[in-house]
Every structure is written in C-alpha cells, then in structure tokens.
Amino acid sequence: MTKYLVLYIGSAIVFFAADFVWLSTMSKAFYRPQIGSLLLDNPNLAVAGLFYLAYLVGLTILVTAPAGNDILRAALLGAVLGFVAYGTYDLTNLSTMRGFTPAVAIVDIAWGTALTAASAAAGVWFARLANLV
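Residues numbered from 1 in each chain as written. Predicted model: local features only at pLDDT ≥ 70, side-chain atom pairs only at ≥ 80, totals over all residues. Heavy atoms only, no water.

**Quick word on the packing of aromatic side chains**
Under the definition given, this model contains nine aromatic pairs. Both rings, one in Phe51 and one in Tyr52, keep their centres 5.4 Å apart while their planes meet at 55°; by these two values the pair is tilted. A connected cluster of aromatic rings, assembled from ring pairs, spans Phe15, Phe16, Phe51, Tyr52, Tyr55 and Tyr86. The ring of Tyr4 has Lys3 lying over it, and the distance from NZ or CZ to the ring centre is 5.6 Å. (Phe/Tyr/Trp six-rings, centres within 6.5 Å; stacked < 30°, edge-to-face > 60°. Lys NZ or Arg CZ within 6 Å of the ring centre and 35° of its normal.)

**Here we look at the nonpolar core**
Counting 26 residues, the largest nonpolar core has Phe15, Leu56, Leu59 and Val104 as its most contacted members. Among the secondary structure elements, those contributing two or more residues to this core are helix H1 (2-35), helix H2 (45-67), helix H3 (71-96) and helix H4 (102-129). In terms of residue count, the dominant contributor to this core is H1 (eight residues). Among all residues touching Leu59, those that are not within four sequence positions of it are Ser11, Thr64, Leu81, Thr116, Ser119 and Ala120. (Core = buried A, V, L, I, M, F, W, Y, C linked by side-chain atoms within 4.5 Å. Buried < 20%, exposed > 50% of the residue type's maximum accessible area, 1.4 Å probe, protein only. Helix = DSSP H or I, 4+ residues; strand = E, 2+ residues; numbered from the N terminus. Contact = heavy atoms within 4.5 Å.)

**Thoughts on the packing of H1 against H4**
Relative to each other, H1 and H4 sit at 160°, their axes nearing to 7 Å. Judged by the inter-axis angle, H1 sits roughly antiparallel to H4. Classified by chirality, the crossing of H4 by H1 is right-handed. Residue classes in the contact of H1 with H4 are distributed as 21 nonpolar, six polar and two charged. (Axes fitted to C-alpha atoms, helices over the stretch in contact; angles between N-to-C directions. Parallel < 35°, antiparallel > 145°, perpendicular 65-115°, else oblique. Left-handed = near helix turned anticlockwise from the far one by under 90°. Nonpolar A, V, L, I, M, F, W, Y, C, P; charged D, E, K, R; others polar.)

**Details of the side chain of Asp90**
Assignment of secondary structure puts Asp90 in helix H3. The buried charged residue Asp90 lacks any salt bridge, with Arg32 as its nearest oppositely charged partner at 15 Å. In this structure, Asp90 is in contact with Phe100, Val104, Ala105, Asp108 and Ile109, ignoring residues within four places of it in sequence. (Lys, Arg positive; Asp, Glu negative; His and termini not counted. Salt bridge = Lys/Arg side-chain N within 4 Å of Asp/Glu carboxyl O.)

This is the structure:
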C-alpha cells in the first residue's frame, strides 16, 4: 500500500504543479482567445479536483505500478495514457462542439501526453528514492 501511495503522491506533485503553471499561463494566452465563449469565467474547482483524483488513480494503477522501477517505461506508458485520455476528450469536443478548434485539440493532446509522461516518470522516481520499487 505504501508503494502505491508514494507512486500516487509523487505523480501528483508534478501533475498539479505543472498543470497549475500551464493553465494559469495558457488560459489567457491560448485557450481564451481560441475558445473563450466555451469557457466558464471561473473553473469549477470541485469538479477539477475529482478529475485530478481519478486520473491519478488511473495513472498509478495502469502506468506507474506496472512500470516497476523503470522510469523510461513509466514515461512511455504515461505518454500513451495521456495521448489516449486527452485525445478522447479533445477529439470528442472537436467532433461535437461548435467553436472548439483543431488548434486547441492539438495543443491540449500534446500537453496531456507530455504532462502524463512526466508525472508518471516522477512517480516512479519518487518510489525509487524511497526504495519501494
């Protein structure tokens, strides 16, 4: 159980910090100009929190735990999960929402792929530091 907790928290530290920086800078610089009419003035933080909690559970179970102590494997599996998850969201939005742009889909999929890969690698790195994997 300790191993899973360290994998989860290690991944969460990087995921939260990086996504906070990304969203706080790119919201005004990129997302709002592209799809401003679709965005709330203020995000629903409770719903966002549910996403983060659930996504990191999936990352832990599907990526970091199976990666063992292999940071590169965690990053590669994380990239696949990020690509599929963010791709599902963005391509669905692109196919069903008026005003959702291809540029947003491409950038967001790339971000989700990189963010999930880095977060997975970090989770395994933290677990290695704690001698849990």
